[in-house]
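# Residue-level structural notes
As a plain string of letters, each chain reads:
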Amino acid sequence: QLQVVESGGGLVQPGGSLRLSCAASGFSLEYFAIGWFRQAPGKEREGVSCISYSGLTTNYSDSVKGRFTISRDSAQNTVYLQMNSLKPEDTAVYYCAARFVAAEIMCNTFEYDYWGQGTQVTVSS
């Protein structure tokens, strides 16, 4: 069964860093775009970042640009989200999601099919 699993969340102080991992099983990263999303209580889910199947194209929301970096490691079948300079407004449940693609398609232009369970990120003093 195709699955993605998030890990790496936790409690950090403002200005701190976390690295989230999205591990895929049952399929290869080679053929899937990966997106990171987050949802805070009472708010709609929003896209944070995504990476194309080739890794050549990435996208970031305005709120995280310059602070977050998405990358992929094909050997580990994992996509990472490095989060630096964290702010309290980054607090949310973070989800990774995957979609099969067979070409270099902008990863913020389509819906995702396979979703993880989410990992909690809390930024607070």
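This section reports on the structure supplied with the text. Owing to the predicted nature of the structure, the values given are computational and were not obtained by experimental measurement. Here the residue index of a chain counts from 1 through its sequence in written order. Local features in this predicted model are restricted to residues whose pLDDT is 70 or higher, and side-chain atom pairs enter the listing and the counts only when it is 80 or higher, whereas totals over whole chains, interfaces and linings include all residues. The side-chain figures draw on all heavy atoms in the structure; neither hydrogens nor water molecules are used.

## Focus on the overall build of the chain
- Helices and strands together make up the secondary structure of the chain, namely 0 helices and 11 strands.
- Secondary structure is summarised from DSSP: a helix means a run of H or I of at least four residues, a strand means a run of E of at least two, and numbering begins at the N terminus for each. For the chain, the α and β elements follow one another from N to C terminus as β-β-β-β-β-β-β-β-β-β-β.
- For the radius of gyration, the atoms used are the C-alpha atoms, and the globule rule reads 2.2 Å times the number of residues raised to 0.38. Relative to its length of 125 residues, the chain is compact, with a C-alpha radius of gyration of 14 Å against a globular reference of 14 Å.
- Counting only C-alpha atoms, the chain reaches 45 × 30 × 25 Å along its principal axes.
- Whether two residues touch is decided by their heavy atoms; if any such pair falls within 4.5 Å, the residues are in contact. Considering only intrachain contacts with a sequence separation of at least 6, the fraction spanning at least 24 residues in the chain is 60%.
- The average position of the 9 basic charges and that of the 11 acidic charges among the side chains of the chain differ by 5 Å. When charges are tallied, Lys and Arg are placed among the positive residues and Asp and Glu among the negative ones, while His and the ends of the chain are skipped. One atom stands in for each charge, and that atom is NZ of Lys, CZ of Arg, CG of Asp or CD of Glu.

## What to know about the sheet that holds strand β7 (residues 68-73)
- In this analysis, strands are considered paired if DSSP registers two or more bridges between them. Read across the sheet, 4 strands follow the order β1-β3-β8-β7 without closing on themselves; strand pairing throughout is antiparallel. Of all the strands in the sheet, the pair left with one neighbour each is β1 (3-7) and β7. Within the sheet, the average angular offset between the axes of one strand and its neighbour, ignoring direction, is 15°.
- Summarising the sheet, β1 and strand β3 (residues 18-25) pair through 5 bridges and their orientation is antiparallel. Opposite Val5, over in β3, you have Ala23 as the bridge partner. Inter-axis angles, ranging from 0 to 180 degrees, are taken between N-to-C directions of lines fitted to C-alpha atoms, where helices are fitted over the stretch in contact.

## Focus: the pairing of strand β8 (residues 78-83)
- Type-normalised accessible area, obtained with a 1.4 Å probe on protein chains alone, sets the label of each residue: buried when under 20%, exposed when over 50%, and partly exposed for intermediate values. β8 sits mainly inside the fold: 5 of its 6 residues count as buried.
- Relative to β8, β3 runs antiparallel, the two being bridged by 6 bridges. Residue pairing for β8: Leu20 is matched across the bridge by Leu81.
- Two successive antiparallel strands, β7 and β8, enclose a turn made up of 4 residues, where Asn77 displays a positive phi of approximately 55°.

## Section: unusual backbone geometry
- A positive phi angle is found at Asn77, which is not glycine, with a value near 55°.
- Along the polypeptide, Asn77 turns up in the loop between β7 and β8.
- The class of Asn77 is buried, set by a relative accessible area of 15%.
- Notably, Ser85 is not glycine yet its phi reads approximately 50°, a positive angle.
- For Ser85, the location among the structural elements is in the loop between β8 and β9 (92-100).

## Points about the state of the cysteines
- By disulfide we mean two sulfur atoms from cysteines, separated by a distance within 2.5 Å. By the definition in use, this model includes 2 disulfides.
- Disulfide pairing places Cys22 opposite Cys96 at an S-S distance of 2.2 Å. Residues Cys22 and Cys96 are joined through a disulfide that is right-handed, its torsion about the S-S bond being 75°. In this pair, Cys22 is assigned in strand β3 and Cys96 in strand β9, connecting sequence segments 74 residues apart. Each member of the pair, Cys22 as well as Cys96, carries the same accessibility label: buried.

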